[in-house]
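Each chain is listed here by its residues.
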Amino acid sequence: MNDPDLNLLLALDTFLAEGSVAGAARRLGLSASAMSRTLSRLRAATGDPLLVRAGRNMVLTPYAEAIRERARNAALEARALLSPSTAELTLSTLECTFILRANDGFIEAFAPALITAAAAVAPRVQLCFTSKPEKGPRHLREGLVDLEIGVVGEMGPEIRLQALFRDRFVGVVRAGHPLAALPEVTVEQYLSYGHVVASRRIRSTRGPVDDALDERGLTRKIAAIVPSFPASLKVAQASDLIALVPASFLLNQPVLAVEGENARLAMFELPVKTRAITVSQMWHPRSEADLAHRWLRQLVLNICRQRVGDLSS
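In this report, we go over the structure that sits alongside the text.

Definitions and limits used
Residues numbered from 1 in each chain as written. Predicted model: local features only at pLDDT ≥ 70, side-chain atom pairs only at ≥ 80, totals over all residues. Heavy atoms only, no water. Helix = DSSP H or I, 4+ residues; strand = E, 2+ residues; numbered from the N terminus. Buried < 20%, exposed > 50% of the residue type's maximum accessible area, 1.4 Å probe, protein only. Contact = heavy atoms within 4.5 Å. Areas by Shrake-Rupley, 256 points an atom, 1.4 Å probe, with all protein chains shown as cover. Lys, Arg positive; Asp, Glu negative; His and termini not counted. Charge placed at Lys NZ, Arg CZ, Asp CG, Glu CD. Polar contact = N/O pair within 3.5 Å; in protein donor to acceptor, adjacent residues only side chain to side chain. Pairing = 2+ DSSP bridges. Axes fitted to C-alpha atoms, helices over the stretch in contact; angles between N-to-C directions. Salt bridge = Lys/Arg side-chain N within 4 Å of Asp/Glu carboxyl O. Phe/Tyr/Trp six-rings, centres within 6.5 Å; stacked < 30°, edge-to-face > 60°. Lys NZ or Arg CZ within 6 Å of the ring centre and 35° of its normal. Right-handed = clockwise from strand over helix to strand, strands pointing away.

1. Describing the overall build of the chain
A tally of regular secondary structure across the chain gives ten helices and twelve strands. In terms of its C-alpha atoms, the chain occupies a principal-axis envelope of roughly 80 × 50 × 35 Å. Scored against the burial criterion, the 313 residues of the chain give a buried share of 41%. At a minimum sequence separation of 6, the contacts of the chain that also span at least 24 residues come to 71%. Put simply, the chain shows about 17300 Å² of open surface, and 52% of that area lies on carbon and sulfur atoms. Both charge centroids of the chain, one from 37 positive and one from 32 negative side chains, sit 5 Å from each other.

2. Some details on helix H2 (residues 21–28)
Listed in full, the buried residues belonging to H2 are Val 21, Gly 23, Ala 24 and Ala 25. With a side-chain oxygen positioned 2.9 Å from the backbone nitrogen of Gly 23, the residue opening H2 is Ser 20. Immediately downstream of H2, the backbone of Gly 29 shows phi near 70°, a positive value.

3. A look at the sheet that holds strand S7 (residues 169–174)
Sheet architecture is open: five strands sit in the order S9-S8-S10-S7-S11, paired in mixed fashion. The open sheet has two free edges, formed respectively by strand S9 (222–226) and strand S11 (265–268), since each of these has just one partner strand. Each strand of the sheet is rotated relative to its neighbour by a mean of 35°, with strand direction disregarded. Two strands pair when backbone bridges link them, and strand S8 (residues 195–198) and S9 are joined in this way by four bridges, in the parallel orientation. For Ala 198, the partnering residue across the bridge sits in S9 and is Val 226.

4. A look at the pattern of salt bridges
Between side chains of opposite charge, pairing is possible as soon as their charged atoms come close. A full pass over the atoms with the stated rule returns twelve salt bridges. The residue Glu 148 makes a salt bridge to Lys 132 at a minimum N-O spacing of 3.5 Å. Placement of Glu 148 in strand S5 (residues 147–150) and of Lys 132 in the loop between strand S4 (125–130) and helix H6 (138–141) is noted, with a sequence separation of 16 residues between them. The pair formed by Glu 148 and Lys 132 is uniform in burial state, with each residue classed as buried. Among the salt bridges present, the one from Glu 288 reaches Arg 160, with a minimum N-O distance of 3.5 Å. Remark: Arg 160 occurs in strand S6 (residues 160–167) and Glu 288 occurs in the loop between strand S12 (277–283) and helix H10 (291–308); sequence separation between them is 128 residues. Owing to a relative accessible area of 29%, Glu 288 belongs among the partly exposed residues under this scheme. Where salt bridges share partners, they join Arg 101, Lys 132 and Glu 148 into one cluster.

5. So, the packing of aromatic side chains
Taken as a whole and assessed by the stated rule, the structure comprises five aromatic pairs. Pairwise contacts between aromatic rings join Phe 106, Phe 110 and Phe 165 into one cluster. When the ring centre of Trp 283 is taken as origin, the NZ or CZ atom of Arg 297, which lies over that ring, is 4.3 Å away.

6. A few points about the pairing of S4
Direction of pairing for strand S3 (residues 96–101) relative to S4: parallel, over a ladder of six bridges. Residue pairing across strands places Ile 99 opposite Cys 128, the latter belonging to S4. Remark: the S3/helix H5 (residues 104–121)/S4 crossover connection has right-handed handedness.

7. Structural notes on the side chain of Gln 281
Inspection of the secondary structure assignment puts Gln 281 in strand S12. A distance of 2.7 Å separates the side chain of Gln 281 from the side chain of Gln 162, its partner in a polar contact. Within the local environment of Gln 281, its side chain forms a polar contact with the backbone oxygen of Arg 297, the two atoms lying 3.1 Å apart.

Shape is all these values report; function is a separate question.
Rendered as structure tokens:
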């Protein structure tokens, strides 16, 4: 048989993902010398060097970069074809890890309920939540995550998506703040205090509330920028600054209660109208028919809608 050794496909995928012999060796549990020999075979099979030296480092060749996604999809498909197929899903014995990529706000608000609900019916399933510093389809396309959760961006035409709930931004101040006791906050009152903004990009702090204020020829004073919503609440709790967070983020704040006698924070509706936020779950088509993945998607949908309730009303 003159067909190529298909074992090389998995090695190729690993090499392209790691970008080094040492990294590929660690991932596959082989020695560096064994991986070097495999790289030589891959070079002979593809007719391309694949990895070349650039100073002290090794970098992928243009051809290797071009086939990276194809190699990843082919390797994942090969593994799926050669894995046992089950006609039924037994949650009590299902043993796997699902990786969910979401921002801090979603993880804080929904992860505890998701973990509890999953453990009740599938005790051997592990939910792994990872942060989402940027949007994009790469993690889904390369099979690095099972679900991407958030506001839909440029995800590509093949990515599947399902709306989970509609959210909105609200203002948050410390309990005892002059705005906390008001039945309704006016624009003038809103602008009379400084604001703390959560932004991963320091030089990009504009949000939907700024667009709404622009329409009236108004601006707010941004006194502080922090990297996350939890940090913005901490700052608001210890100052007179106003934080802007999604309403859903306050669903799981038992320590920083927003109502009652022991409240440390007070929430109020914004005095300007901002566009609604649609939070969705996204996945790659390769997971569309997988029974375990279908169960995960339904679980996320159920928990989100149960937790949010009338949040969007």
